[in-house]
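Here's the letter readout for the chains.
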Amino acid sequence: MVVVSQPALDHFSPIKSCRPTSSLFNGIPMVDLSHPEASSSIVKACEDFGFFKVVNHGVPMEFITRLESEALNFFNLPQSEKDRAGPPDPFGYGSKRIGPNGDVGWIEYLLLNTNPDVFSEKSRFIFRENPQFFWSAVENYVAAVKKMAFEIVELMAEGLGIEDRKVMSKLLRDEKSDSCFRMNHYPPCPELQALSGRNLIGFGEHTDPQIISVLRSNNTSGLQICLRDGTWVSVPSDHSSFFINVGDSLQVMTNGRFKSLKHRVLADPRKSRISMIYFGGPPLSEKIAPLPCLVAKGEESLYKEFTWWEYKKSAYKSRLADNRLGLFEKTPSQ
Ligand code: GA4
């Protein structure tokens, strides 16, 4: 990470206040995937928060630790080498800039498509030029996380009383599924913190456009979620658990019964944060619409018709904090 001069501060928004972490710990729903009641807890968590923590997830710890150390190896490479895998198009290596429309954060990252056929030239470079690099670690980790994500959306369907429990998982299982995988590194920011006295935005507030996101981080906190009343709360980090959040597409598929979760990440002044997120999306041609069995008689879809491709195109024209679903609501929200 480059040394930061004072003017760099202008790009980063300081944060004023949030509830202390300690009062929150028990407030975050936790789902034990091995529990027979998991499906109803998942539905409740998605209705109340759009977010929950998963334990007994079945992802081998060795896949997690190996990928984390490989990711650190990559982020510790000289800047010029990392830059050869960027800028993101949107896949590849990125530093500070997020998306194409001027968003910035105290972050560097690797964004990959989970479908190797869709690797951009730049991403391909990372694996070709660094044979020791972590493709096999990514593969093992992503395969195990996908398996868990499929199970979670199947339990979700069951909990929602949907007859075909694979109705959502088949979109993620599809070989054309437009899913991606992101590895984030939030370097410590002691100089900036000292200058401003406040924490800096690592990744600004946003909702995820896909169906479901599966996040795991090292033991450095920073993730905050926005509750329905607009309060930001810090999520205590837990390196051996996963955090799930509802994406915009799932909000539409449940006709608003589940709400996508607004979240953000603050950089830690002293400790480096590593996070890895699998974003489960449908195939590009898939129509995103409420599942008919979730629209009660006499009720209507709250959303206009659109495909995932149309939604994604529109997302890439937006700024991070924009209400992306707003454009697709039949009755626009305020
Ligand atoms: C947010 C969720 C995922 O990280 C992501 C992000 C994407 C990007 O970084 O390229 C976007 C952002 C995310 C939503 C709006 C657009 C697209 C940056 C941005 C400003 C990979 C995704 O799918 O959407």
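Residues numbered from 1 in each chain as written. Predicted model: local features only at pLDDT ≥ 70, side-chain atom pairs only at ≥ 80, totals over all residues. Heavy atoms only, no water.

K.L.:
Account for the overall build of the chain, with residues named and values stated.
P.N.:
Of the regular secondary structure elements, the chain holds 9 helices and 14 strands. Counting only residues that meet the buried cut, the chain has 54% of its 334 residues in that class. Long-range pairs, those at least 24 residues apart, make up 74% of the contacts in the chain between residues at least 6 apart in sequence. Just so you have it, the chain exposes about 15200 Å², and 52% of that area is on carbon and sulfur atoms. (Helix = DSSP H or I, 4+ residues; strand = E, 2+ residues; numbered from the N terminus. Buried < 20%, exposed > 50% of the residue type's maximum accessible area, 1.4 Å probe, protein only. Contact = heavy atoms within 4.5 Å. Areas by Shrake-Rupley, 256 points an atom, 1.4 Å probe, with all protein chains shown as cover.)

K.L.:
Talk me through the sheet that holds strand β1 (residues 30-32); I want residue IDs and the actual numbers.
P.N.:
What the 8 strands build is an open sheet, ordered β1-β2-β10-β7-β12-β5-β4-β3; its pairing is mixed. At either margin of the open sheet sits one strand with a lone partner, and together these are β1 and β3 (92-98). Each strand of the sheet is rotated relative to its neighbour by a mean of 25 degrees, with strand direction disregarded. Lying on the sheet, helix α5 (residues 135-159) is in contact with β2 (51-55), β4 (103-113), β5 (180-186), β7 (212-217), β10 (242-246) and β12 (273-280); it crosses β7 at an angle near 130 degrees. (Pairing = 2+ DSSP bridges. Axes fitted to C-alpha atoms, helices over the stretch in contact; angles between N-to-C directions.)

K.L.:
Please give an account of the site of the ligand that cites residues and values.
P.N.:
Residues in contact with the ligand amount to 15 residues; listed here are only the nearest, R182, D208, Q210, F279 and Y316. Side-chain polar atom of R182 to an oxygen atom of the ligand: 2.8 Å apart, as the coordinates give it. Between the ligand and Q210, the relevant distance is 2.8 Å, taken from an oxygen atom to a side-chain nitrogen or oxygen of the residue. Burial of the ligand by the surrounding chains reaches 97%, relative to a free accessible area of 460 Å². Classifying every residue of the shell around the ligand gives 7 nonpolar, 4 polar and 4 charged. (Near = heavy atom within 4 Å. Polar contact = N/O pair within 3.5 Å; in protein donor to acceptor, adjacent residues only side chain to side chain. Nonpolar A, V, L, I, M, F, W, Y, C, P; charged D, E, K, R; others polar.)

K.L.:
Tell me about the nonpolar core, residues and numbers included.
P.N.:
I152, M168, F181 and M183 are the most contacted members of the largest nonpolar core, which has 56 residues in total. With 14 residues, the single largest contributor to this core is α5. Excluding residues that lie within four positions of it along the chain, M168 makes contacts with V153, M156, A157, L160, L250, M253 and L291. Counting residues in each nonpolar core, the second largest holds 21 residues, with I107, Y109, C180 and L215 among its members. (Core = buried A, V, L, I, M, F, W, Y, C linked by side-chain atoms within 4.5 Å.)

K.L.:
Quick rundown of the side chain of S260? Include the residues and the values.
P.N.:
Checked against the element boundaries, S260 lands in the loop between α8 (248-253) and β11 (263-266). Taking the relative accessible area as the measure of exposure, S260 reaches 15% and is therefore buried. Polar contacts involving the side chain of S260 include one to the side chain of D248, which spans 2.7 Å. With residues near it in sequence (within four places) discarded, S260 still touches T207, V246, G247, D248 and Q251.

K.L.:
For the packing of helix α2 (residues 61-75) against α5, give the residues involved together with the corresponding values.
P.N.:
Helix packing for two helices is described by the angle between their axes and how far apart those axes are. Packing of α2 against α5 brings their axes to within 9 Å, and their N-to-C directions diverge by 140 degrees. On the basis of the axis angle, α2 is oblique to α5. Remark: the crossing between α2 and α5 carries left-handed chirality. Across from F63, I64, R66, L67 and E70 in α2, the residues of α5 making contact are S136, A137, V138, N140, Y141 and A144. (Parallel < 35°, antiparallel > 145°, perpendicular 65-115°, else oblique. Left-handed = near helix turned anticlockwise from the far one by under 90°.)

K.L.:
Before we move on, can you summarise the confidence of the model for the chain with the specific residues and values?
P.N.:
Note that predicted coordinates carrying low pLDDT should not be read in detail. Across the chain, the average pLDDT comes to 88, with 87% of residues at or above 70. A low-confidence stretch, residues 1-10 stays under pLDDT 50, and its non-local contacts, those more than four residues away or across chains, total 14 contacts. Here residues 13-25 is a poorly scored stretch, pLDDT under 50, and it has 27 contacts once near neighbours within four places are set aside; other chains count. (pLDDT = per-residue confidence, 0-100.)

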